[in-house]
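Coordinate analysis (summary)
The lines below spell out each chain.
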Number of protein chains: 2
Amino acid sequence: MGGDAAPRPEVSGAVAAVREAALEVVLVGDRARLEDELARVGARGERGVTIEHAAEVVTMDDHPGEVFRKKRASSLRIATELVQAGRAHALVSAGNSGAILAHALFVLGRLPGVERPAIATAFPAPHGAFTLCDVGANVDVRPTMLAQFALLGAAYDRVVHGRPRPRVGLLANGSEPGKGTGLTRAAHALLTAAAAAPDAAFTFAGHVEGSDLWRGVVDVVATDGFTGNVVLKVCEGVADALFGLVRAELAGAPAGPGAGRPAVGAQVATVRRRLGGALAAPALRSLEKRIDFAETGGALLAGVDGVVIIAHGRSDTTAMKNAVKLAHRFAAAGLPARLAASLGAFGATGATGSTGSPGPAGTTPPPPPGGGTGA
Amino acid sequence: MGGDAAPRPEVSGAVAAVREAALEVVLVGDRARLEDELARVGARGERGVTIEHAAEVVTMDDHPGEVFRKKRASSLRIATELVQAGRAHALVSAGNSGAILAHALFVLGRLPGVERPAIATAFPAPHGAFTLCDVGANVDVRPTMLAQFALLGAAYDRVVHGRPRPRVGLLANGSEPGKGTGLTRAAHALLTAAAAAPDAAFTFAGHVEGSDLWRGVVDVVATDGFTGNVVLKVCEGVADALFGLVRAELAGAPAGPGAGRPAVGAQVATVRRRLGGALAAPALRSLEKRIDFAETGGALLAGVDGVVIIAHGRSDTTAMKNAVKLAHRFAAAGLPARLAASLGAFGATGATGSTGSPGPAGTTPPPPPGGGTGA
């Protein structure tokens with residue numbers, strides 16, 4: 001119920017996922033509205049779709065820590081509890097991501113050895129998609145956390161991209177010795193040691209810079225949630241801007257101020273490029289769809305004891321469908337157990353689940369409910 | 001002499017600038033090699049071009065602080081001293097940027113009130129170019145430094161884009177209250193106060209996120225040099241990748257594995273998109289040139305007592321020409337004095353030139369030469 005257009009794309013996306021894949025969906029929210037939406041897409045009584053009523057909704061304005069205490073009948077709370085109780089195998093939400101993080105922490109708890117859960121997501125690139133982790137859960141981090149984000153990202157990458165030993169890099173301002181911050185250099189040392197272990201399920205490529213992401217140099221890029229969020233949004237912004245510029249250019253943008261009546265040569269050039277633009281339009285649309293960040297279907301909240309997918313607030317039917325299918329893949333792959341196993345190899349660095357506040361940035365979390373945390 | 005292909009593009013670019021604009025150039029480096037390059041571009045004895053011999057070269061592998069002490073006859077050292085002595089109005093180099101920073105600090109010194117010089121540069125965007133500062137000089141910063149980067153960026157923007165009161169934003173992981181790091185929130189408070197001054201030559205838009213940069217929301221974006229460098233390189237990487245993908249798509253990329261002989265409809269679509277690609281190619285090339293980050297001609301090292309332009313190591317003739325012309329514009333605009341005046345309004349926040357090490361990240365600078373620093 002928390003997405004920008006909820007529950008419309010949630011319901012239509014869930015129904016589409018049920019029809020495409022061997023999975024079942026529990027819709028959690030206002031029963032009457034969910035039934036209306038099911039009827040709208042011709043899916044009343046659809047096999048594999050059930051409804052769990054929730055009287056309250058977490059909004060984008062709700063404070064993540066407070067809303068957990070105050071709205072105990074929210075759709076987010078009830079859906080998370082379904083996962084904790086084993087009545088669902090994964091949670092998908094396009095709502096308030098800080099609140100999703102808080103609910104996952106307090107209801108599902110962290111995996112053993114995880115200091116802070118992080119958000120991992122895939123980016124399309126010419127040489128194959130790469131994984132970025134963390135893209136926004138933790139803005140102020142310690143070296144052990146950053147090193148864990150690398151391992152969480154690698155675990156995501158193994159499931160989503162099927163690479164058994166992904167190449168992991170640490171995002172920095174250059175790959176030469178001496179580059180990076182105190183934070184990244186300390187994480188560099190931790191990861192160098194972890195990658196040397198005989199059973200390490202990744203290789204470590206050291207510091208990588210922003211342009212390396214698109215060159216197929218690494219499969220997984222680890223960074224703090226502040227930088228990762230900036231990278232995510234800069235990519236979206238650059239891609240949107242470039243597609244707009246390409247379209248304008250192909251449509252024959254008007255000449256700059258001061259240009260008089262164009263010469264015949266210029267007119268020919270304009271006709272030529274407009275024609276080219278019209279012919280190229282389907283190719284561009286196909287490309288835009290292929291690199292659409294929403295197409296990947298959402299990000300994984302990695303490091304909590306359960307599968308939690310954070311979808312974009314503006315998700316449409318396709319994005320929600322892909323988010324549900326992605327959640328199904330992670331659950332089928334037994335992700336939390338595999339993550340815990342891969343982090344076990346890293347426990348020697350001193351990272352434990354017992355340090356620091358488990359809350360999302362900017363929140364003052366309530367004490368976790370008894371027995372609820374997995375740490 | 002420090003660029004990747006030096007001194008070839010430096011000489012051809014300088015000659016091109018002298019021929020296009022009312023300026024003079026002093027080429028600093030190995031006299032014989034510079035004369036050879038001048039002869040190669042038919043510019044031996046060119047009016048407005050002189051040579052100052054330098055026997056040594058700073059390489060990309062040289063440590064910024066050490067090389068200042070060790071290579072006293074380097075082209076970078078001698079060129080910087082020409083500016084300090086008033087025999088040149090600006091320095092342009094495509095060499096080791098850490099060494100450029102170190103030489104500028106130790107020879108020219110900081111402007112009064114500047115804690116750390118920062119690198120400002122312009123980015124092309126659909127709604128007009130924006131300025132990003134810092135893109136790499138300082139990776140670990142304090143709030144007063146970050147606030148100063150905003151003012152240095154605004155000063156750059158006033159000269160380069162002619163906006164009398166640029167709108168300034170602080171890069172963060174979201175614009176909602178509570179977003180940002182401890183660092184950005186503290187700088188937010190400093191800039192809110194500075195923008196309220198009656199003579200403030202900028203307006204403050206608060207936190208902005210990565211996607212806002214391309215939406216014309218602000219003219220200047222301030223960030224630390226770590227994040228700024230990542231943004232700069234991610235933009236280059238995304239743009240390169242997208243142009244490659246657009247080209248492949250327009251050329252009719254082969255169908256994925258498992259695709260059999262294409263149906264007639266698919267063949268028509270392929271012909272159509274290949275034809276569109278051929279017709280669109282000139283438009284794409286024109287666009288690619290227009291958004292080429294090298295076309296802006298280099299970045300300004302803002303906050304030192306002199307005009308210093310850092311060109312990309314891979315600069316070609318056009319990029320070097322534009323860098324020289326940009327240096328000329330800043331010198332003609334009296335940039336250092338204007339910067340000092342705009343920072344004066346900010347002195348009340350307690351920022352002074354006396355705190356911390358003035359060295360570039362990762363260096364152990366020697367003590368500044370007597371009287372050499374402007375702080």
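So, here is what we can say about the structure in this document. Here, residues in each chain are numbered from 1, in the same order as that chain's written sequence. Starting at A for chains and at 1 for ligands, labels are handed out in the order in which the entities are written. Totals for whole chains, interfaces and linings use every residue, but because this is a predicted model, local features are given only for residues with pLDDT of at least 70 and side-chain atom pairs only at 80 or more, for both listing and counting. Values reported for side chains reflect all heavy atoms of the structure, with hydrogen atoms and water molecules removed beforehand.

Side note on the packing of helix α6 (residues 143-161) of chain B against helix α7 (residues 182-195) of chain B
Residues and elements named next belong to chain B. Whenever a helix is involved, its axis is fitted only over the stretch in contact; in every case the axis is a line through C-alpha atoms, and angles between N-to-C directions fall within 0 to 180 degrees. Helix and strand assignments follow DSSP, with helices taken as H or I runs no shorter than four residues and strands as E runs no shorter than two, numbered in order from the N terminus. Packing of α6 against α7 brings their axes to within 8 Å, and their N-to-C directions diverge by 55°. Of the possible angle classes, the one that applies to α6 and α7 is oblique. For the element pair α6 and α7, the recorded crossing hand is right-handed. Listed contacts from α7 to P143, T144, L146, A147, A150 and L151 of α6 are L183, T184, A186, A187, L190 and L191. Each residue is assigned to one of three groups, with Ala, Val, Leu, Ile, Met, Phe, Trp, Tyr, Cys and Pro labelled nonpolar, Asp, Glu, Lys and Arg labelled charged, and all others, Gly among them, labelled polar. Broken down by class, the residue content of the contact of α6 with α7 amounts to 10 nonpolar, two polar and no charged. An angle counts as roughly parallel when it lies under 35 degrees, as roughly antiparallel when it exceeds 145, as roughly perpendicular when it falls between 65 and 115, and as oblique in every other case. Note on convention: near helix rotated counterclockwise from far helix by under a right angle means a left-handed crossing. Clockwise means right-handed. Whether two residues are in contact is decided by their heavy atoms, any of which lying within 4.5 Å being enough.

Focus: the packing of helix α6 (residues 143-161) of chain A against helix α10 (residues 317-332) of chain A
Residues and elements named next belong to chain A. Packing of α6 against α10 leaves a shortest axis separation of 10 Å and a crossing angle of 105°. Taken together, the axis directions place α6 and α10 in an arrangement best described as roughly perpendicular. Packed against α6, whose contacting residues are Y156, V159 and V160, the element α10 presents L326, R329 and F330 at the interface. In terms of residue class, the contact of α6 with α10 is made up of five nonpolar, no polar and one charged.

Here's the deal with the environment of T203(A)
Residue and element names in this part refer to chain A. Its place among the elements puts T203 in strand β7 (residues 203-208). Residue T203 is classed as partly exposed on the basis of its relative accessible area, which comes to 27%. Spatially, the C-alpha atoms of T203 and A222 are 13 Å apart, while their sequence positions differ by 19 residues. Setting aside anything within four residues of it in sequence, one finds T203 in contact with R165, P166, R167 and V168. Note on exposure labels: buried denotes an accessible area under 20% of the residue type's maximum, exposed denotes more than 50%, and partly exposed covers the range between, all computed with a 1.4 Å probe on protein chains only.

As for the pairing of strand β3 (residues 90-93) of chain B
All names here are of chain B. Here β3 shows a clear split, with L91 and S93 buried on one side and none of A90 and V92 buried on the other. Pairing of β3 with strand β10 (residues 307-310) involves four bridges; the strand directions are parallel. The residue of β10 that forms the bridge with A90 is V307. The pairing criterion for strands is at least two bridges between them, as found by DSSP.

Side note on the sheet that holds strand β6 (residues 167-171) of chain A
All names here are of chain A. In spatial order, the strands read β3-β10-β9-β4-β5-β8-β6-β7; together these eight strands make up an open sheet with mixed pairing. Edge positions in the sheet fall to β3 (90-93) and β7, since each of these pairs with one other strand and no more. The sheet shows a mean angle of 25° between the axes of neighbouring strands, taken without regard to direction. Where β6 meets strand β8 (residues 220-222), three bridges bridge the pair, whose relative direction is parallel. Among the inter-strand pairings, L170 is bridged to a residue of β8, identified as A222. Its contacts with the sheet place helix α5 (residues 97-108) against β3, β9 (299-302) and β10 (307-310), and it is angled at close to 175° to β10.

So, the packing of aromatic side chains
The aromatic pairing rule takes the rings of Phe, Tyr and Trp, using the six-membered ring of Trp, and pairs them if the centres are within 6.5 Å, calling planes under 30 degrees apart stacked, those over 60 edge-to-face and the rest tilted. For the structure shown, the criterion picks out 10 aromatic pairs over all chains. With 5.2 Å between their ring centres and 10° between their planes, F123(B) and F130(B) make a pair best called stacked. Of the two residues examined, F123(B) and F130(B), each falls in the buried class. Each residue in the set F123(A), F130(A) and W214(A) is aromatic and connected to the rest through ring pairs, giving one cluster. Definition used: whenever NZ (Lys) or CZ (Arg) falls within 6 Å of the ring centre and also within 35 degrees of the ring normal, the charge is taken to sit over that ring. Directly above the ring of F68(A) sits R77(A), whose terminal nitrogen or CZ lies 4.0 Å from the centroid.

Focus on helix α4 (residues 75-84) of chain A
All names here are of chain A. For α4, the tally of buried residues reaches eight of 10 residues, placing the bulk of the element in the interior. Those residues of α4 lying buried are S75, L76, R77, I78, A79, T80, L82 and V83. Next to the buried residues of α4 lie β1 (25-29), β2 (49-53), α3 (64-70), β3 and α5. Positioned one or two residues after α4, G86 has a phi angle of 80°, which is positive.

Examining the nonpolar core
Only buried Ala, Val, Leu, Ile, Met, Phe, Trp, Tyr and Cys residues count toward a nonpolar core, and they belong to the same one when joined by side-chain atoms within 4.5 Å. If you look at the biggest cluster of nonpolar residues, it comprises 106 residues, and the most contacted ones within it are W214(A) and W214(B). The residues touching W214(A), leaving out its near neighbours within four places in the chain, are F123(A), P124(A), A125(A), P126(A), H127(A), F130(A), C235(A), V234(B), G237(B), V238(B) and A241(B). Listed in part, the 45 residues of the second largest apolar core include A94(A), A122(A), A155(A) and L300(A).

What to know about the sheet that holds β10(B)
Residue and element names in this part refer to chain B. In spatial order, the strands read β3-β10-β9-β4-β5-β8-β6-β7; together these eight strands make up an open sheet with mixed pairing. Both outer strands of the open sheet, β3 and β7 (203-208), are each paired with one neighbouring strand and no more. For this sheet the average axis-to-axis angle between neighbouring strands, irrespective of direction, equals 25°. Examined bridge by bridge, strand β4 (residues 118-123) and strand β9 (residues 299-302) share three bridges and lie antiparallel to one another. Of the residues in β9, the one forming a bridge with A118 is A302. The strands that helix α5 (residues 97-108) touches are β3, β9 and β10; relative to β10, the one it contacts most, it runs at about 175°. Packing of helix α10 (residues 317-332) onto the sheet brings it into contact with β3, β9 and β10, and relative to β10 it is tilted by some 160°.

Points about α10(B)
Residue and element names in this part refer to chain B. Helix span is expected to be 1.5 Å times the residue number reduced by one. Compared with the 22 Å implied by 1.5 Å per residue over 16 residues, the 22 Å span of α10 between its first and last C-alpha is a close match. The complete set of buried residues in α10 reads A319, M320, K321, N322, A323, V324, L326, A327 and F330. One side-chain oxygen of the residue at the start of α10 lies 3.2 Å from the amide nitrogen of T318, identifying that residue as D316. Where α10 ends, the next residue or the one after it, G334, has phi of about 60°, a positive value. In the analysis that follows, any N or O atom pair within 3.5 Å is treated as a polar contact, provided that within protein one partner can donate a hydrogen and the other can accept it, and provided that, for residues neighboring in sequence, both atoms belong to side chains.

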